[in-house]
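Chain by chain, the residues run as shown.
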Amino acid sequence: MISDEEGIAMTILVTGAAGNVGRHAVEELLREGHRVRALTRDPARARLPRGAEVAVGDLAVPDGLAPALEGVTALHLITFDGGDGAALRTGPRIARLAAEGGVRQVTMLWSGEPGPVEKAVAAEGLPWTALQPQEFMSNALNWVDSVRTEGVVREPFGGTLSNMIHEADIGAVAARTLTEDGHTGREYVLTGPEVLDMPQKAAILGRALGRDIRFVELTEQQARERMRQAGASQEAIDHVVGWYADPPKEAYTVTDTVERLLGRPARTFAQWAQENAEAFR
Ligand SMILES: NC(=O)c1ccc[n+]([C@@H]2O[C@H](COP(=O)([O-])OP(=O)(O)OC[C@H]3O[C@@H](n4cnc5c(N)ncnc54)[C@H](OP(=O)(O)O)[C@@H]3O)[C@@H](O)[C@H]2O)c1
């Protein structure tokens, strides 16, 4: 177990611990020998990594979070509310509780723009590091059904380039910046090692599965309708379609941040596809 300079055992609280990124952050911290507490609203469903202490709590109801924050020196914070995917409006209360509880380092997982959590953490004077991943490779799991049944990936804007990142790399960067000096006040734009368009992603997935996977381009109208049927809000639809139609430069520019921070190259989509091939069979 890792202790600070006064010999006090550090407990690190990971929020969103059952999610794509949080799960990897927990595993990485445990591998490095840290004491990890994993927050979930529903421990029965969360299937958290063995070795993590489980804490039950809802970031949207922060007054119940005091036990989860007890003895916590470092905190990985999601900045969105799973309820409607919007920015967590309870940021100020969470930040106050964290500061009062003795948290000395915070990582924040960016949701697209600085929201109430980021502003509150800074206003509270907590040392923070902002993690700004672009597209997660795990978004490819949206293709499971069409790949399984038809051998097809359907998306709009097939020519859009993306520097998609493996979610395990985001988790590993979170673990590193929570436990190492020198990252305070830094905003890290995190990307994978290459840019790919949609047909390239489908071809890479096909190679991992050992079968041809075709890319079929949807019209913008079809893409909007699909998201509407899946229950997305108009705001979310506009955001996603707008992003793919006209992505910001950060979405198709490769950074070396993952490699600099972790001392090894960022994982490729080919690696992700190999690791996740079973999900598509
Ligand atoms: N997908 C992308 O391409 C992309 C790109 C850049 C940024 N992002 C951002 O990354 C975030 C998504 O991260 P992810 O994929 O790791 O998440 P995820 O897999 O969707 O997991 C969501 C996690 O958040 C927890 N959670 C949600 N609301 C909560 C609440 N009110 N209180 C406590 N826990 C709550 C859930 O925990 P329980 O259900 O166990 O309580 C779950 O573990 C979003 O903010 C998104 O904007 C995504």
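The structure displayed is predicted, hence computed values, not measured ones. Per chain, residue numbering runs from 1 following the sequence as it is written. This being a predicted model, a pLDDT of at least 70 is required before a residue's local features are given, and a value of 80 or more before pairs of side-chain atoms are given or counted; all residues contribute to the totals for chains, interfaces and linings. Side-chain measures were taken over the full set of non-hydrogen atoms in the model, leaving aside hydrogen atoms and water.

Undergrad: Where do I start with unusual backbone geometry in this structure?
TA: Phi is mostly negative for residues that are not glycine, and the peptide bonds are mostly trans. For R47, which is not glycine, the phi torsion reads 45 degrees and is therefore positive. As for its placement among the helices and strands, R47 is situated in the loop between α2 (43-46) and β3 (53-56). Judged by relative accessible area, which is 67%, R47 ranks as exposed. Unlike most non-glycine residues, F157 shows phi in positive territory, near 50 degrees. Elements are defined by DSSP. Helices are runs of H or I of four residues or more, strands are runs of E of two residues or more, and each kind is numbered from the N terminus. Between buried and exposed lies partly exposed: a residue is buried under 20% and exposed over 50% of the maximum accessible area for its type, with that area taken using a 1.4 Å probe on protein chains only.

Undergrad: Help me understand the site of the ligand in this model?
TA: Near the ligand there are 24 residues, and of these T40, R41, G82, S111 and Q134 occur at the shortest range. Contact between the ligand and D58: a nitrogen atom at 2.8 Å from a side-chain N or O atom of the residue. Within the side chain of N139, one N or O atom sits 2.8 Å away from an oxygen atom of the ligand. Accessible surface is estimated by sampling points in the Shrake-Rupley manner with a 1.4 Å probe; for residues, cover comes only from the protein chains shown. Calculation on the ligand without its partners gives an accessible area of 930 Å², and the protein chains cover 81% of this total. Here the residues of the shell around the ligand sort into 10 nonpolar, nine polar and five charged. Here the shell around the ligand spans two domains, since at least three of its residues come from each of domain 1 (11-126) and domain 2 (135-166 + 191-253 + 267-281). We call a residue near a given molecule or strand whenever any one of its heavy atoms falls within 4 Å of it. In protein, a polar contact requires one atom able to donate a hydrogen and another able to accept it; more generally it is a pair of N or O atoms within 3.5 Å, and residues adjacent in sequence count only if both atoms are side-chain atoms. Basically, the charged four are Asp, Glu, Lys and Arg, the nonpolar ten are Ala, Val, Leu, Ile, Met, Phe, Trp, Tyr, Cys and Pro, and anything else, Gly included, counts as polar. What marks off one domain from the next here is an automatic or database domain assignment.

Undergrad: Before we go on, may I ask you to explain the pattern of salt bridges in this structure?
TA: Oppositely charged side chains can pair when the atoms bearing their charge come close. Just to be clear on terms, a salt bridge is a Lys or Arg side-chain nitrogen sitting within 4 Å of an Asp or Glu carboxyl oxygen. In the structure shown here, the tally under the stated rule is 16 salt bridges. With its nearest N and O atoms 2.8 Å apart, the salt bridge here joins D238 to R224. Placement of the pair is D238 in helix α10 (residues 234-245) and R224 in helix α9 (residues 220-229), with a sequence separation of 14 residues. You can call R224 buried: its relative accessible area is 16%. Between E278 and R281 there is a salt bridge, with its nearest N and O atoms 3.0 Å apart. Take E278: its relative accessible area is 57%, and that puts it in the exposed class.

Undergrad: What is the right way to look at the packing of aromatic side chains in this model?
TA: Think of a pair of aromatic rings as described by two things: how far the centres are apart, and how the planes are tilted against each other in angle. Only Phe, Tyr and Trp rings take part, Trp by its six-membered ring, and two of them pair if their centres are within 6.5 Å. Stacked means planes under 30 degrees apart, edge-to-face means over 60, and tilted covers everything else. The final tally for this structure, using the stated rule, is two aromatic pairs. On the numbers, 5.6 Å between centres and 15 degrees between planes, the contact of F269 with W272 is stacked. Taken together, the residues span about one helical turn, with F269 and W272 both in helix α12 (residues 269-275) at a distance of three residues. Just as F269 is buried, W272 falls in that class too. Aromatic pair W272 and F280: ring centres 6.2 Å apart, planes at 70 degrees, arrangement edge-to-face. In this structure an aromatic cluster arises from ring pairing among F269, W272 and F280.

Undergrad: Help me understand α10 in this model?
TA: One turn of an α-helix holds 3.6 residues; hence residues three or four places apart share an orientation. By this rule, a helix spans an expected 1.5 Å times one less than how many residues it contains. Between the first and last C-alpha of α10 there are 16 Å, a value that for 12 residues agrees with the 16 Å anticipated at 1.5 Å per step. Every buried residue belonging to α10 is among I237, V241 and Y244, and all of these are buried. End-on, the buried residues of α10 take up no more than an arc of 65 degrees, which puts them together on one face. For α10, the secondary structure elements touched by its buried residues are α8 (198-209) and α9. Read the arc as the range of directions from the helix axis to the C-beta atoms. Contacts: residue pairs with any heavy atoms within 4.5 Å of one another.

Undergrad: Can you walk me through the domain arrangement of the chain in this structure?
TA: How big an interface is tends to be reported as the loss of accessible area on association of its parts. Split into domains, the chain comes out as domain 1 (11-126) and domain 2 (135-166 + 191-253 + 267-281). Taking the mean C-alpha position of each, domain 1 and domain 2 sit 28 Å from one another.

Undergrad: Explain the nonpolar core to me, please; I cannot follow it from the model alone.
TA: Inside soluble globular proteins, nonpolar side chains tend to come together where they are buried. In terms of nonpolar packing, the biggest core is built from 29 residues, with V14, V26, L29, I170, V173, L190 and V258 touching the most fellow members. Residue assignment for this core shows that the elements contributing at least two residues are β1 (11-14), α1 (20-31), β2 (35-40), α7 (167-179), β8 (187-190) and α11 (257-262). At six residues, α7 tops the list of elements feeding residues into this core. The contact partners of V258, leaving out residues within four places of it in the chain, are I165, D169, V173, L190, T191, G263, R264 and A266. We call a set of buried Ala, Val, Leu, Ile, Met, Phe, Trp, Tyr and Cys residues a nonpolar core when their side-chain atoms join them within 4.5 Å.

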